[in-house]
Amino acid sequence: MPESSALAEHIGAAALIDQHAHGCWLQQGDRPRFENALNEANTEPLTETGFDSQLGFAVRAHCAPILGLAKHAEPQQYWERRSEFAEREMAGLFLRAAGVSDWLVDTGIGSDVAEISELGELSGNRAHEVVRLEQVAEQAARAAGDYASAFREILHRRAAKAVGTKSILAYRGGFDGDLTEPTAAQITEAAARWRDRGGTRLDDRVLLRFGLHEALRVGKPLQFHAGFGDRDCDLHKANPLHLLDFLRQSGDTPIVLLHCYPYEREAGYLAQAFNNVYLDGGLSVNYLGARSPSFIARLLEMAPFRKILYSSDGFGPAELHFLGATLWRNGIHRVLRGFVESDEWSESDAIRVVDLIAHGNAARVYRLGATGG
C-alpha cells in the first residue's frame, strides 16, 4: 500500500482476527517440504518447483523483506536465507508481523505443528480452538460403549472451551446428497460398521450427518471447507449451493463458508439469502497472490459486508499466516481505493467496512472480547 491516505493507514494498522488457521511448523525441514507447501491441490511430492506460482512469487515479494532480503529475491537466495533461522524463530517473525490479535485454530490437522498455546505465545496474542467434527468422531470410535453418547460427550466437553466447530464434509463425500439428521438406529448401525473397519477417516454419510446436527445443537459457529482444496476433494461437490437444504435446517447457528474459490459468488448469494451464513476467502487469497484483489472484489459483490470475515488458513510455513494478512491488506486497499476514487463509496464507509471484515464481524459471530485494535 504505497499511497499515504487515511484509508491506507487504517488498513495497515487494523488488527485482524484470523478466523480460520492451523498450526505452523516448529521443526526444521528441507527445501522439498517447503516447496510442497506452496501447492495446495497436489497430494504427491512436486516434480517441479513450487516457487513458480502466484504463491511462490508472493513469498519472494512480501516475505523476503521480513528476512532482510530485497523484494523478489531469487528462490535460492530466499531458501538460503530462510535456512539461517530456526523454524521457531521463523514462526515468531512472521506471526508477529501479521498484525493478528486472535487466531481461531482448527486443531484437526497436523501433529508436527504449533499447538494453540504455542501459536499464541509465538505471536504474542490470543489463540482459540475450533473443534473439527471428524476428529471428534474418530475419538468417539475409539471410546467404549455407545458411539452417539461418546460423540456427544467429547464434542460438548471440547466445545465448551472452543469458539466454534468445523467440518471437512467436502473431503468426505461432498455437499450433494442427503444431509438430514439420521435416526438413532441408523447411527448405531453405521457406527458398528465403521468401528469394524477401524474407525479412521470418517466417510460414512450417516455419521457425518449426525455430527453436523450435533454441532448445530452446540450452537457455536460451524465452519465448512468449501471450494478449493487438495485433490482428495471433488471440487464440483464442494459448491456450497449443494448445502441449501442443510442451511434451511440450520436454524440460528452461524454457518461459515471457508475459502469458497471458485464459488465465491455462490457463497455470496448464500450469505445474502440466509441470516446465519457467513464467508471468508482464506487460503484462496494466498494462492491467488497478485490476482487476489480481483477475488476480494468478487467477495464484496453480493455478500452483505457484515457477513464477510478475514482468515489466512495458514498451515505449515509461518509465511502463509503472514501472507494471508499482507495480501488481504493490499487487496482490500486496492479494491476500496477504487470505489472511493470513483466516488461510489465515501472513505469513511470504506474504513468502516475494513473494520467489519478485519475483526468486527468475527468478534461478533464468535463472541470474542476486544481485539486490542
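What you see is a predicted model; the values in this text were computed from it and never measured.

1. Thoughts on the pattern of salt bridges
One pass over the structure, following the stated rule, counts 24 salt bridges. In this structure, Glu74 and Arg60 form a salt bridge, with 3.7 Å as the shortest nitrogen-oxygen distance. Note that Glu74 is positioned in the loop between α3 (54-63) and α4 (75-82) and Arg60 in helix α3, a separation of 14 residues in sequence. On the basis of relative accessible area, Arg60 is assigned to the buried category, the value being 11%. For Glu264, the salt bridge goes to Arg298, with nearest N and O atoms at 2.5 Å.

2. Comments concerning the packing of aromatic side chains
According to the stated counting rule, one finds 17 aromatic pairs in the structure shown. Measuring from centroid to centroid gives 6.1 Å for Tyr147 and Phe151, while their planes differ by 40°, and the two rings are tilted. With Tyr147 and Phe151 both in helix α8 (residues 147-159) and four residues apart, the pair spans about one turn of that helix. Both rings, one in Phe224 and one in Phe246, keep their centres 5.7 Å apart while their planes meet at 75°; by these two values the pair is edge-to-face. Of this pair, Phe224 sits in strand β5 (residues 222-226) while Phe246 sits in helix α11 (residues 244-249); the two residues are 22 residues apart in sequence, bridging distant segments of the chain. Classification of Phe224 as buried rests on a relative accessible area of 0%. Through pairs of rings, three or more aromatic residues link up here, namely Phe34, Phe51, Tyr78 and Trp79. Sitting above the plane of the Trp25 ring, Arg33 keeps its charged end 3.6 Å from the centroid.

What counts, and where the lines are drawn
Residues numbered from 1 in each chain as written. Predicted model: local features only at pLDDT ≥ 70, side-chain atom pairs only at ≥ 80, totals over all residues. Heavy atoms only, no water. Salt bridge = Lys/Arg side-chain N within 4 Å of Asp/Glu carboxyl O. Helix = DSSP H or I, 4+ residues; strand = E, 2+ residues; numbered from the N terminus. Buried < 20%, exposed > 50% of the residue type's maximum accessible area, 1.4 Å probe, protein only. Phe/Tyr/Trp six-rings, centres within 6.5 Å; stacked < 30°, edge-to-face > 60°. Lys NZ or Arg CZ within 6 Å of the ring centre and 35° of its normal.

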